[in-house]
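What follows is the residue order along each chain.
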Amino acid sequence: MPMIIRSRAPLRLGLAGGGTDVSPYCDLYGGVVLNATVNLFAHCTLIPRADGKVKFRAADRGEAFEGDAAPALAVDNTLALHKGVYNRVVREFNGGKPLSLEAHTYSDAPAGSGLGTSSTMVVAILKAYTEWLQLPLGEYDTARLAYEIERKDLQLAGGRQDQYAATFGGFNFIEFEKGDRVIVNPLRVKKWILNELESSLALYFTGVSRDSARIIEQQIKDTTSRAADADERLKQMHLVKKSAYTMKEAVLKGDFKGFADTLREGWEAKKRSSSGISNPHIEECYDLIMRNGGLAAKVSGAGGGGFMMIYCDPVEKFHLVETLKKTGGRVHNFHFTKDGTEGWTV
């Protein structure tokens, strides 16, 4: 039986501060986010080969690639993340010598869900190579390398929080400073507070996947724009950043009214910070949620669609979920997870 390496990395919920981890905002002003990983994962299985071939397959996307092992694979629109990780590992850790292998991947949430699926997949694939080749990568090394592969090597627009959330796992208050300096502060959240949050929260998939890169590119333009409304948009981003501090305190103290208020206020500020974050469909979903027992809600991730995170009184949760099911969207319950990315050999 051939050696089989498997890995997984958890997806995350962005609770507050999302968008402040994107350059140039974090370079100019410093960014902070509060996020938490959940029991939805990006999965990778890596099987070494001896025939000089490379084979990639993303089961959930219906995409596949097969070719000769090479020092660098040409990157195109097919499985760019898989090729990007391969190229970086070969170049940086294998002396430029080709690796022959197959890698099979899938994610528990669709692309464009707002749960950090792309970045989490990069972390999962990288973790499989780390397990196979016994690479000397700690948590900060893994997260930074995943960020560089996606944002610098592949030139995909986005922030920094997803790679660190997927690598470290758990509740994290993450600071982003200029020069790509990142500090991850794990939070010790009491068990009863976690239980209450899980009982009060639901994920609602709006059925609309959005292009986060396009929305983030617009946010970058808005941050550096000299347009008449640029100062107002920047002011809203500062409020989004401030909400991360307020949310951290609410979570640690079990201040659930404060949690709901901050979630609601952070969403309003995020919408005002850049165009494309909300749209009529999202506003319609939001209004339906708030009319049927919701106390606060926000779109997870860059915006434009994907998952909405809903906070409600647990007594009202069943009614709210049943109402949302009638819209054709999917509602997911979830649990918070403590562990970050993991790799193992079968």
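First, a word on scope: everything that follows refers to the structure included in this document. None of the values given here were measured: they were computed from a predicted structure.

**Considerations on the pattern of salt bridges**
For the coordinates displayed, the defined rule picks out 22 salt bridges. A salt bridge links Arg 91 to Asp 153; its shortest N-O distance comes to 3.9 Å. Highlighted residues: Arg 91 in helix H2 (residues 80-93) and Asp 153 in helix H4 (residues 139-153), separated in sequence by 62 residues. With a relative accessible area of 35%, Asp 153 lands in the partly exposed category. Put simply, Lys 325 and Glu 322 hold a salt bridge, and the shortest N to O gap is 3.3 Å. Residue Lys 325 and its partner Glu 322 are both found in helix H11 (residues 314-325); the two are separated by three residues, about one turn of the helix. Classification of Glu 322 as partly exposed rests on a relative accessible area of 29%. One salt-bridge network, held together by shared partners, links Arg 88, Arg 91, Glu 92, Arg 144, Glu 148 and Asp 153.

**Some thoughts on the pairing of strand E2 (residues 31-48)**
Within a regular strand, the side chains alternate between the two sheet faces. Counted residue by residue, E2 has 16 buried out of 18 residues, so it is predominantly covered. Note that strand E1 (residues 5-16) and E2 share 10 bridges and pair antiparallel. Residue pairing across strands places Ile 5 opposite Leu 46, the latter belonging to E2. Bridging between E2 and strand E6 (residues 171-177) involves six bridges; their strand directions are antiparallel. Bridge pairing links Val 33 to Ile 174 in E6. Pairing of E2 with strand E5 (residues 101-107), which is carried by seven bridges, proceeds in the antiparallel orientation. Residue pairing across strands places Pro 48 opposite Leu 101, the latter belonging to E5.

**Overview of the packing of H2 against helix H3 (residues 117-133)**
At a minimum axis distance of 10 Å, the contact between H2 and H3 shows a crossing angle of 40 degrees. Judged by the angle between their axes, H2 and H3 are oblique. Taken as a pair, H2 and H3 cross one another with a handedness that is right-handed. Here H2 contributes Leu 81, His 82, Val 85, Tyr 86 and Val 89 to the contact with H3, which in turn contributes Ser 118, Met 121, Val 122, Ile 125, Leu 126, Tyr 129 and Leu 133. Residue composition of the contact of H2 with H3, by class: 10 nonpolar, two polar and no charged.

**Notes on the environment of Leu 79**
Within the secondary structure layout, Leu 79 lies in the loop between strand E4 (63-68) and H2. Of the residues examined, Leu 79 reaches a relative accessible area of 4% and is grouped as buried. Spatially, the C-alpha atoms of Leu 79 and Phe 259 are 38 Å apart, while their sequence positions differ by 180 residues. Not counting chain neighbours up to four residues away, the residues in contact with Leu 79 comprise Phe 56, Arg 57, Ala 58, Glu 63, Ala 64 and Phe 65.

**Some remarks on the packing of aromatic side chains**
What the rule picks out here adds up to 14 aromatic pairs. Cluster of aromatic residues (ring-pair linked, three or more members): Tyr 140, Tyr 164, Phe 168 and Phe 176. When the ring centre of Phe 65 is taken as reference, the NZ or CZ atom of Lys 83 above it lies at 4.4 Å. Against the face of Tyr 286 rests Lys 271, its NZ or CZ located 5.8 Å from the ring centre.

**Overview of the pairing of E6**
Taking burial as the measure, the seven residues of E6 include five buried ones, the bulk of the element. With six bridges connecting them, E6 and strand E7 (residues 181-186) associate as antiparallel partners. By the bridge assignment, Glu 177 is partnered in E7 with Arg 181.

**As for helix H5 (residues 161-168)**
In terms of burial, H5 is largely enclosed, as eight of its eight residues are buried. Within the sequence span of H5, burial applies to Gln 161, Asp 162, Gln 163, Tyr 164, Ala 165, Ala 166, Thr 167 and Phe 168. The inward-facing, buried residues of H5 abut E1, E2, H3, H4, E6 and E7.

**Comments concerning the sheet that holds strand E11 (residues 330-332)**
Taken together, the four strands give an open sheet; going across it, the order is E9-E10-E8-E11, and neighbouring strands pair in antiparallel fashion. Here the strands that pair on one side only, and so sit at the sheet edges, are strand E9 (294-299) and E11. Each strand of the sheet is rotated relative to its neighbour by a mean of 25 degrees, with strand direction disregarded. As judged from the five bridges shared by strand E8 (residues 201-205) and strand E10 (residues 307-312), these two strands associate in the antiparallel manner. Pairing of Ala 202 across the sheet is with Ile 310, part of E10. Its contacts with the sheet put helix H6 (residues 191-200) on E8 and E10, and the angle it makes with E8 is roughly 35 degrees. This element, helix H10 (residues 280-291), spans E8, E9 and E10 of the sheet and lies at about 160 degrees to E9.

**Some words on the environment of Gly 116**
Looking at the secondary structure, you find Gly 116 in the loop between E5 and H3. Gly 116 sits 104 residues away from Arg 12 along the chain, and the two C-alpha atoms are 6.4 Å apart. With sequence-adjacent residues up to four places away left out, Gly 116 is seen in contact with Leu 11, Arg 12 and Asp 162.

Reading the values: rules and limits
- Residues numbered from 1 in each chain as written.
- Predicted model: local features only at pLDDT ≥ 70, side-chain atom pairs only at ≥ 80, totals over all residues.
- Heavy atoms only, no water.
- Salt bridge = Lys/Arg side-chain N within 4 Å of Asp/Glu carboxyl O.
- Helix = DSSP H or I, 4+ residues; strand = E, 2+ residues; numbered from the N terminus.
- Buried < 20%, exposed > 50% of the residue type's maximum accessible area, 1.4 Å probe, protein only.
- Pairing = 2+ DSSP bridges.
- Axes fitted to C-alpha atoms, helices over the stretch in contact; angles between N-to-C directions.
- Parallel < 35°, antiparallel > 145°, perpendicular 65-115°, else oblique.
- Left-handed = near helix turned anticlockwise from the far one by under 90°.
- Contact = heavy atoms within 4.5 Å.
- Nonpolar A, V, L, I, M, F, W, Y, C, P; charged D, E, K, R; others polar.
- Phe/Tyr/Trp six-rings, centres within 6.5 Å; stacked < 30°, edge-to-face > 60°.
- Lys NZ or Arg CZ within 6 Å of the ring centre and 35° of its normal.

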